[in-house]
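# What the coordinates show
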Amino acid sequence: MAGIQPHIEMESLEEHYVIEEDECLINRGPTDKRVLYLGAAPNRYYPFYLFSEDCGWKEIWNIVLSRTKVVFFSNKINLLVPCGPLAVLVDLVTGHQGSVFLLSLLGTIPLAERLGWVTEQLAFYTGPTVGGLLNATFGNATELIISIHAMKSGMIRVVQQSLLGSILSNMLLVLGSAFFSGGIVHSNKEQVFNKVNAEINTGLLLVAVMGLVFPAVLHFTRTELHVGKSELALSRFSSCVMLVAYVAFIFFQLIGQRNVSIPVNEDESEADGSSDDKEAPKITNWESIIWLFILTTSISFLSEYLVNAIEGASVALDIPVAFISVILLPIVGNAAEHASAVMFAIKDELDMSLGVAVGSSTQISMFGIPFCAVYGWVFGHPMDLNFQLFETATLFMTVLVVAFMLQEGTSNYFKGLMLLFCYLIVAASYFVHIDPESIRDKPEA
């Protein structure tokens, strides 16, 4: 990024930079210029605000309101934001856990969506490598925050089931919706995607299944060398191995094999000269960092009410805790992924849809689950990778179904419909499933 020169003519600024009106900006140097937009690339301009000493609080307040408007009023889903404060108010006034749970669930959806949007805005300034790491870290931040709060409350099964539900939701509901919507819009042709990326992600998902199967098998066959210890030790060792494998995967994708992630239609679009200019960022890098902190803090605050109301909501709404954890909670964290995957599929950018849906499942299985196990190890919460037989079998069958759907490198609305039907079967199964490890799930006498 170019530095600020001592003397700049306004005429050159008008030719090369974009100047917004009615914005109060600070002047750090001897020059009396009030605003300078620095561009890092052609057709992409990054605002760099400088405020003058004679700027009043009214102008500063107007700037804050304008940036808040960009963040919170640019998407209709943000109409659900007031549900968060309402959840806190209902908890203080009535204490009805069912209402608190539903309101906090609805209030977290727009915060999770905006967190993903702000991360994308920050990626404009960091470049593809760091941007990919940011997406890997914050793309599933909502699930991790909810899991950490649940773990602190001793709800290990909620942690396991919510992470499992996030994988199932991404692979069946999100990917199925993307295939179905893309197939309907582009019914006159067959949509294609990069098979190599799909094979790498499904391979990692099978590795994650292996990491979850062996602790469960060790438990149910009762073949532990040290009863009560070997299962936990194996889970922690496998978690460390999975984290290392995920770091190697990031290195492979972003550094070692950059050409692997090139969409299959990119060469055709470049040859036709029809590739569109990349979208410009809507907020600055520092604004992205500030909003990242604000949104993460807000999600963390609201997640505490959400987690504390799970058991009460299960009784008040007569819904099993397993169904809440596996089906309802992941819908919150996957709201942004769901919308993005469908949008990319409609635009015939199926590689992006797979990157959102299957890539997010890979992040949760190879990073989210082992991270929570290691976190519990460090802070004294004995979380293992024994997700019980029912949950492990569900994950294994889901990975197999998705792997078969992706093996040809093509997509159509029928494949999407089959994935959606599979998700309905999974949801119905957990609605009638009693978790033997959860006391609240057991019917009262």
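An unreviewed UniProt entry lists the protein under the name Vacuolar cation/proton exchanger, with Rhododendron simsii as the source organism. The UniProt entry for the protein carries the following comment under Subcellular location (unreviewed entry): "Vacuole membrane". Heading Sequence similarities (unreviewed entry) of the UniProt record for the protein holds this comment: "Belongs to the Ca(2+):cation antiporter (CaCA) (TC 2.A.19) family. Cation/proton exchanger (CAX) subfamily."

### Here's the deal with the packing of aromatic side chains
Under the criterion given, the structure shown has nine aromatic pairs. Here the aromatic rings of Tyr375 and Phe379 are separated by 4.6 Å at their centres, their planes lie at 40°, and the arrangement is tilted. What links up through ring pairs into an aromatic cluster is the set Tyr246, Phe249, Phe367, Phe371, Tyr375 and Phe379.

### Looking at the UniProt feature "transmembrane region" (unreviewed entry) in the protein
Mapped onto this structure's residue numbering, the UniProt feature "transmembrane region" (unreviewed entry) falls at residues 162-180, 200-221, 233-255, 289-307, 314-332, 352-377, 389-407 and 413-432. The distance from the first to the last C-alpha atom of residues 289-307 is 27 Å, and the span holds 100% helix and 0% strand. Split by type, residues 413-432 is 95% helix and 0% strand. Its first and last C-alpha atoms lie 29 Å apart.

### As for the packing of helix H6 (residues 156-185) against helix H12 (residues 321-333)
With their axes 7 Å apart at the nearest point, H6 and H12 run at an angle of 45° to one another. When the axes of H6 and H12 are compared, the pair comes out oblique. Both H6 and H12 take part in a crossing whose hand is right-handed. Judged by residue contacts, Val158, Gln161, Ser162, Gly165, Ser166, Leu168 and Ser169 of H6 engage Val321, Ala322, Ser325, Val326, Leu329 and Pro330 from H12.

### A short note on helix H14 (residues 350-378)
For H14, which comprises 29 residues, the first-to-last C-alpha distance of 40 Å matches the rise-based estimate of 42 Å (1.5 Å per residue) to within 8%. By the largest-angle criterion, Ile364 marks the main kink of H14, which is about 35°. Gly380 sits one or two residues past H14 and shows a positive phi near 80°.

### Considering the environment of Val100
By secondary structure assignment, the location of Val100 is in helix H4 (residues 97-138). Through-space distance from the C-alpha of Val100 to that of Ala87 is 4.8 Å; in sequence the pair is 13 residues apart.

### Looking at the pattern of salt bridges
A full pass over the atoms with the stated rule returns five salt bridges. Residues Arg157 and Glu391 are paired through a salt bridge, measuring 2.9 Å at the closest nitrogen-oxygen approach. Linking Arg157 in helix H6 with Glu391 in helix H15 (residues 388-406), this pair joins segments that are 234 residues apart in sequence. Residue classification places Glu391 among the buried residues on the basis of a relative accessible area of 1%. We note a salt bridge from Asp348 to Lys189, for which the minimum N-O separation is 2.5 Å. In this pair, Asp348 is assigned in the loop between helix H13 (335-346) and H14 and Lys189 in the loop between H6 and strand E3 (191-192), connecting sequence segments 159 residues apart. With relative accessibility at 17%, the residue Asp348 sits in the buried group.

### Some thoughts on the packing of H12 against helix H16 (residues 413-431)
Running from N to C, H12 and H16 point in directions that differ by 155°, and their axes come no closer than 8 Å. In this view, H12 runs roughly antiparallel relative to H16, as classed from their interaxial angle. Together, Ala322, Phe323, Val326 and Ile327 of H12 and Tyr423, Ala427, Tyr430 and Phe431 of H16 make up the contact between the two elements. Residues that form the contact of H12 with H16 fall into these classes: eight nonpolar, no polar and no charged.

### Here we look at unusual backbone geometry
In this model, Arg222 sits at a positive phi of 55°, which is unusual for a non-glycine residue. Along the chain, Arg222 falls in the loop between helix H7 (195-220) and helix H8 (230-256). Arg222 gets classed as exposed once you look at its relative accessible area, which sits at 77%. Even without being a glycine, Gln388 presents a positive backbone phi close to 70°.

Thresholds, definitions, all that
- Residues numbered from 1 in each chain as written.
- Predicted model: local features only at pLDDT ≥ 70, side-chain atom pairs only at ≥ 80, totals over all residues.
- Heavy atoms only, no water.
- UniProt positions renumbered as here; feature names shortened; annotations may be inferred.
- Phe/Tyr/Trp six-rings, centres within 6.5 Å; stacked < 30°, edge-to-face > 60°.
- Helix = DSSP H or I, 4+ residues; strand = E, 2+ residues; numbered from the N terminus.
- Axes fitted to C-alpha atoms, helices over the stretch in contact; angles between N-to-C directions.
- Parallel < 35°, antiparallel > 145°, perpendicular 65-115°, else oblique.
- Left-handed = near helix turned anticlockwise from the far one by under 90°.
- Contact = heavy atoms within 4.5 Å.
- Expected span 1.5 Å × (residues − 1).
- Bend = angle between axes of the 7 residues up to and from the residue.
- Salt bridge = Lys/Arg side-chain N within 4 Å of Asp/Glu carboxyl O.
- Buried < 20%, exposed > 50% of the residue type's maximum accessible area, 1.4 Å probe, protein only.
- Nonpolar A, V, L, I, M, F, W, Y, C, P; charged D, E, K, R; others polar.

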